[in-house]
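Letter by letter, the chains look like this.
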Amino acid sequence: MRILVIGSGGREHAIVHALSRGGGHELHAAPGNPGMAATCDCHPVRADDIEGLVGLSSRLGADLVVPGPEAPLVAGIADALEAAGTPCFGPSAACAMLEGSKWFAKELMAAAGVPTAPGRLFSTPAGVLEAAGGSWGGWVLKDDGLAAGKGVFLPDGDGEASEALGRLFPGGRGRVVLEKRLHGREVSMMALCSGEEAFVLPPSRDHKRAFDGDRGPNTGGMGAVCPAPGIPEGLSDWALSSVFRPVLEELHRRGTDYRGVLYAGLILAHEGPAVLEFNCRFGDPEAQAVLALLEGDAGAAFLSCARGNPDFSGIGILPGASACVVMASEGYPGAYRSGFRIDGIDSAGDDDTGVTVFHAGTAMSDGSLVTAGGRVLGVTGTGAGLGEALAKTYAAVRTITFRGACWRKDIGAT
Ligand code: GLY
């Protein structure tokens, strides 16, 4: 198959790597990154240029397109590709509303009987203030729309609440979901979906805060492990029967079949597990850890989903565990400098030693690999257990150098 992967981050590099391990497919990426360029042809089309991407897939004669990020999915790339006759492993715009609108997801969960915190939608700050009644510790405020990970606020007093409301209602306008705050450990569950069928991938956990001990500002994710430790037995079966199947059935009942990855952010609350949010794509950096444990022909499984005839017989989950540690630029998620030379990747390991270095924010400059983003690399290792996976991953991290390199030392430990 000729497969086009859309995106340029660590998640997309992990998707390309998973596709390259089975099936002998011809791989392309748009726009891709220097790491992906080792296994696929990269084309200079931006991930939000829907027309350009559909044109590229036609010119290539792509048999399958796999969008990595949410923005082109919410903007309707799957629909545009379907109209052009190209299968897409990614949901239609109607289904991507599960991520594109928190309120759509809330309503759909209510209709499907999926456990989630009760919430209400508001279009004015005054409405939120009245409903919260000043007891901010019990509430979460969420921007209804896509907010690139910056739309969720857990204020702990009037000052923080007022700052959150200012961001959520710029110029007094906005759509905000106010929902009850649940307490517990979080876990990411992802499933390959098509119509009413789902193949649930093993549970993973990302580490969103910038610094050790879960301190500091929220980031796009500083690392992930799979399977996530401390998970109650049977959680995957529960997620299939109580989350994925009911949501897929409800979408099917509404005439919109979901075809792609569905990501459920769960919280293991003392009332029982509940859904915090849905994403319409692989998590980043969860994909780096989870896909490292996927064996078989991922391309064939993705295509079967895209065509609406799911067949997961050619894929499986390897025993053992994996870990991904993100190496970031000093200052991230705030301001940082780029353009620093990266050394040591070649001696960090390879597939034979169970280590892969996924590129996230890198570029080529005068023949050298340099930093070009906040999250620079996602160093990923596998092992018989989480301890071995982490040991291999951190050993690989220590071989890689660039000026200002930062990483968390406690991935998998919290
Ligand atoms: N790691 C969370 C996300 O990808 O949204």
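Just above sits the structure.
Let me sum up the structure you'll find in this document. (Residues numbered from 1 in each chain as written. Predicted model: local features only at pLDDT ≥ 70, side-chain atom pairs only at ≥ 80, totals over all residues. Heavy atoms only, no water.)

Notes on unusual backbone geometry
Note the cis peptide between Asp 284 and Pro 285, where omega equals 20°. Among the secondary structure elements, Pro 285 is positioned in the loop between strand S16 (272-279) and helix H10 (286-291). Positive phi, close to 55°, is recorded for Asp 214, a residue that is not glycine. Along the chain, Asp 214 turns up in the loop between strand S12 (209-211) and strand S13 (215-218). Overall, the relative accessible area of 38% leaves Asp 214 in the partly exposed class. A positive phi angle, near 50°, is found at Asp 366, a position not held by glycine. A relative accessible area of 80% means that Asp 366 is categorised as exposed. (Helix = DSSP H or I, 4+ residues; strand = E, 2+ residues; numbered from the N terminus. Buried < 20%, exposed > 50% of the residue type's maximum accessible area, 1.4 Å probe, protein only.)

Notes on the packing of helix H6 (residues 102-112) against helix H9 (residues 235-253)
Between H6 and H9, whose axes approach to 9 Å, the crossing angle comes to 100°. The orientation of H6 with respect to H9, classified from their angle, is roughly perpendicular. Contacts between H6 and H9 involve Phe 104, Leu 108, Ala 111 and Ala 112 on the former and, on the latter, Pro 246, Val 247, Glu 250 and Leu 251. Taken together, the residues of the contact of H6 with H9 break down into seven nonpolar, no polar and one charged. (Axes fitted to C-alpha atoms, helices over the stretch in contact; angles between N-to-C directions. Parallel < 35°, antiparallel > 145°, perpendicular 65-115°, else oblique. Contact = heavy atoms within 4.5 Å. Nonpolar A, V, L, I, M, F, W, Y, C, P; charged D, E, K, R; others polar.)

Examining empty space enclosed by the protein
Counted according to the given criterion, the structure contains three cavities of 30 Å³ or more. Here the largest cavity defines a volume of roughly 80 Å³. As for the largest cavity, its lining consists of Leu 98, Lys 102, Ala 105, Lys 106, Met 109, Lys 142, Val 177, Glu 179, Leu 276, Glu 277 and Phe 278. Every element with two or more residues in the lining of the largest cavity is listed here: H6, strand S8 (176-180) and S16. No other element matches the four residues that H6 contributes to the lining of the largest cavity. Taken together, the residues of the lining of the largest cavity sort by class into six nonpolar, no polar and five charged. A volume near 60 Å³ is recorded for the second largest cavity. (1 Å grid on protein atoms, 1.4 Å probe; cavity = no way out; pocket = protein on both sides within 12 Å on 5 of 7 lines; lining within 4 Å. Points joined across faces, edges and corners; volume = space filled by probe spheres on them.)

Some thoughts on the site of the ligand
In the vicinity of the ligand, the contacting residues are Asp 206, Tyr 263, Asn 279, Arg 281, Gly 283, Asp 284 and Glu 286. Here Arg 281 contributes a side-chain N or O atom positioned 2.8 Å from an oxygen atom of the ligand. Protein chains bury 86% of the 200 Å² of accessible surface belonging to the ligand in isolation. Class assignment of the residues belonging to the shell around the ligand gives a composition of one nonpolar, two polar and four charged. (Near = heavy atom within 4 Å. Polar contact = N/O pair within 3.5 Å; in protein donor to acceptor, adjacent residues only side chain to side chain. Areas by Shrake-Rupley, 256 points an atom, 1.4 Å probe, with all protein chains shown as cover.)

So, the packing of aromatic side chains
Geometrically, a pair of aromatic rings is defined through the distance of the ring centres and the angle of the planes. Inspection of the entire model under this criterion finds three aromatic pairs. Ring centres of Phe 89 and Phe 302 lie 4.2 Å apart, and the angle between their planes is 5°; on these two criteria the pair is classed as stacked. Taken together, the positions of Phe 89 in the loop between helix H4 (77-83) and helix H5 (93-100) and Phe 302 in helix H11 (residues 298-306) put the pair 213 residues apart, joining distant regions of the chain. When sorted by exposure, Phe 89 lands in the same class as Phe 302, which is buried. Consider the rings of Phe 199 and Phe 312, whose centres lie 5.4 Å apart with planes at 40°: the pair is tilted. On the criterion of sequence distance, the pair formed by Phe 199 in strand S10 (residues 197-200) and Phe 312 in the loop between H11 and strand S18 (315-317) is long-range, its members being 113 residues apart. Classification of Phe 312 by relative accessible area gives buried; the value is 16%. (Phe/Tyr/Trp six-rings, centres within 6.5 Å; stacked < 30°, edge-to-face > 60°.)

Comments concerning the pairing of strand S1 (residues 2-7)
A large share of S1 lies buried, amounting to five of its six residues. Examined bridge by bridge, S1 and strand S2 (residues 26-31) share six bridges and lie parallel to one another. Paired with Arg 2 across the bridge in S2 is Glu 26. The β-α-β motif built from S1, the intervening helix H1 (residues 10-20) and the parallel element S2 has right-handed crossover chirality. Summarising the sheet, S1 and strand S4 (residues 64-67) pair through four bridges and their orientation is parallel. Residue pairing for S4: Ile 3 is matched across the bridge by Leu 64. (Pairing = 2+ DSSP bridges. Right-handed = clockwise from strand over helix to strand, strands pointing away.)

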